[in-house]
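Secondary and tertiary structure notes
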Amino acid sequence: LFYSRRLCDLSLGLSRSMASKTPVGFIGLGNMGSPMAKNLLKNGYPIIATDLFPESCKELQDIGAQVVDSPGEVAERADRIITMLPSTPNVLEVYTGPNGILKKVKKGTLLIDSSTIDPAVSKEMAVAAEKMGAVFMDAPVTGGVGAASLAKLSFMVGGVEEEYQAAQELLTCMGANVVYCGQVGTGQAAKICNNMLLAIGMIGTAETMNLGIRLGLDPKLLTKILNMSSGRCWSSDTYNPVPGVMEGVPSANNYQGGFGTTLMAKDLGLAQNTATNTKTPIPLGSLAHQIFRVMCSRGYANKDFSSVFQFLREEEGQ
């Protein structure tokens, strides 16, 4: 009996192992999507990928991913698909466009969207997917490009709880924290709230550092003091916006890479819309939205959002 049970357990384990290595579709190979897909490859998942810009696919193709021409083709070949896209219009096109996922999706497919979009649109996509017999979950991320490369992202997941374990299997290959938030759209809600606080905190850190420097403080010394004091935050101790204070962050590389100002302005716009719809006062969130929108019109659109420090320095004529 023990022997037969061991054989049964072994057989079950093998079948689960083989099932887990069926192809995973990945759509959107930008600054975040590319390292996320690479981490799935490292964990043994065959990847079927596509991106609007074919050159974005080459690096992933060189390390073993299969590249196809459209989201619809991905849906034909994979029954688990992750999307990582810049904004709501991109998500709508990839899912519901002429060559979109929902034109070719197979029944039972698990669709995980890690883009940051309006929670209402996530709910729309879930309804549209359900009509096709598929399951849609929203799973936006925090952590930035560095965390994406190191598989240390945090995922906030919204969707049918019964499907959470299946999503978690893939997400844990790309992140250190995976949190179930509730029904579809709650992952987006958590992400929007986080990014609003991040934007406010980054502006506050940039203002503080700029003032300290004008008062004659060495920026590294001021950072050290902040990070042992009550003003400490992620923007001061992990992602400092002042060039020369930290290595391996965008401020050390002319604000290249990282999380673009355009994307932060977009996320703050989502926060503003949801705040308006729920009659929620967000005075600092609204001000942060305006600051990042102005930055986009002043040449900072493609720089990391921590370039708000540089923007403040220029505003004062330095």
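Thresholds, definitions, all that
Residues numbered from 1 in each chain as written. Predicted model: local features only at pLDDT ≥ 70, side-chain atom pairs only at ≥ 80, totals over all residues. Heavy atoms only, no water. Helix = DSSP H or I, 4+ residues; strand = E, 2+ residues; numbered from the N terminus. Rg over C-alpha atoms; globule rule 2.2 N^0.38 Å. Buried < 20%, exposed > 50% of the residue type's maximum accessible area, 1.4 Å probe, protein only. Contact = heavy atoms within 4.5 Å. Lys, Arg positive; Asp, Glu negative; His and termini not counted. Charge placed at Lys NZ, Arg CZ, Asp CG, Glu CD. UniProt positions renumbered as here; feature names shortened; annotations may be inferred. Expected span 1.5 Å × (residues − 1). Axes fitted to C-alpha atoms, helices over the stretch in contact; angles between N-to-C directions. Parallel < 35°, antiparallel > 145°, perpendicular 65-115°, else oblique. Phe/Tyr/Trp six-rings, centres within 6.5 Å; stacked < 30°, edge-to-face > 60°.

Observations concerning the overall build of the chain
The number of helices and strands found in the chain is 15 helices and 9 strands. For 318 residues, the compact-globule formula gives about 20 Å, and the C-alpha radius of gyration of the chain, at 21 Å, lands near that figure. Oriented by its inertia axes, the alpha-carbon framework of the chain measures out at about 75 × 45 × 40 Å. Classification of the 318 residues of the chain by burial places 47% in the buried group. When contacts within the chain are restricted to residue pairs at least 6 apart in sequence, long-range pairs at least 24 apart make up 63% of them. A gap of 3 Å separates the mean positions of the 27 positive and 28 negative side-chain charges of the chain.

Comments concerning the UniProt feature "domain: 6-phosphogluconate dehydrogenase NADP-binding" (unreviewed entry) in the chain
Residues given the UniProt feature "domain: 6-phosphogluconate dehydrogenase NADP-binding" (unreviewed entry) here are residues 24-182. The distance separating the terminal C-alpha atoms of residues 24-182 is 24 Å; by composition the span is 41% helix and 24% strand.

Focus on helix H13 (residues 261-277)
Its 17 residues place the ends of H13 24 Å apart at the C-alpha level, agreeing with the 24 Å of an ideal helix rising 1.5 Å per residue. Listed as buried for H13 are Thr261, Met264, Ala265, Asp267, Leu268, Gly269, Leu270, Ala271 and Ala275. Tucked inside the fold, the buried residues of H13 contact helix H10 (186-214) and helix H14 (283-300).

Side note on the packing of H10 against H14
In contact at an axis separation of 9 Å, H10 and H14 are set at 70° when each is read in the N-to-C sense. On the basis of the axis angle, H10 is roughly perpendicular to H14. Of the residues in H14, those in contact with Met196, Ala199, Ile200 and Ile203 of H10 are Leu284, Gly285, Ala288, Ile291 and Phe292.

A word on the packing of aromatic side chains
Counted by the stated rule, this structure contains 7 aromatic pairs. Considering the side-chain rings of Phe259 and Phe305, the 6.0 Å spacing of their centres and the 80° angle between planes classify their relative orientation as edge-to-face. Here Phe259, found in the loop between helix H12 (234-237) and H13, pairs with Phe305, found in the loop between H14 and helix H15 (308-315); they are 46 residues apart in sequence, far enough to count as distant. What makes Phe305 buried here is its relative accessible area of 2%. For the pair Tyr300 and Phe311, a centre-to-centre distance of 5.8 Å together with 85° between the ring planes defines the contact as edge-to-face. Residue Tyr300 is found in helix H14, and its partner Phe311 is found in helix H15; the two are separated by 11 residues along the sequence. Given the relative accessible area of 6%, Phe311 is considered buried.

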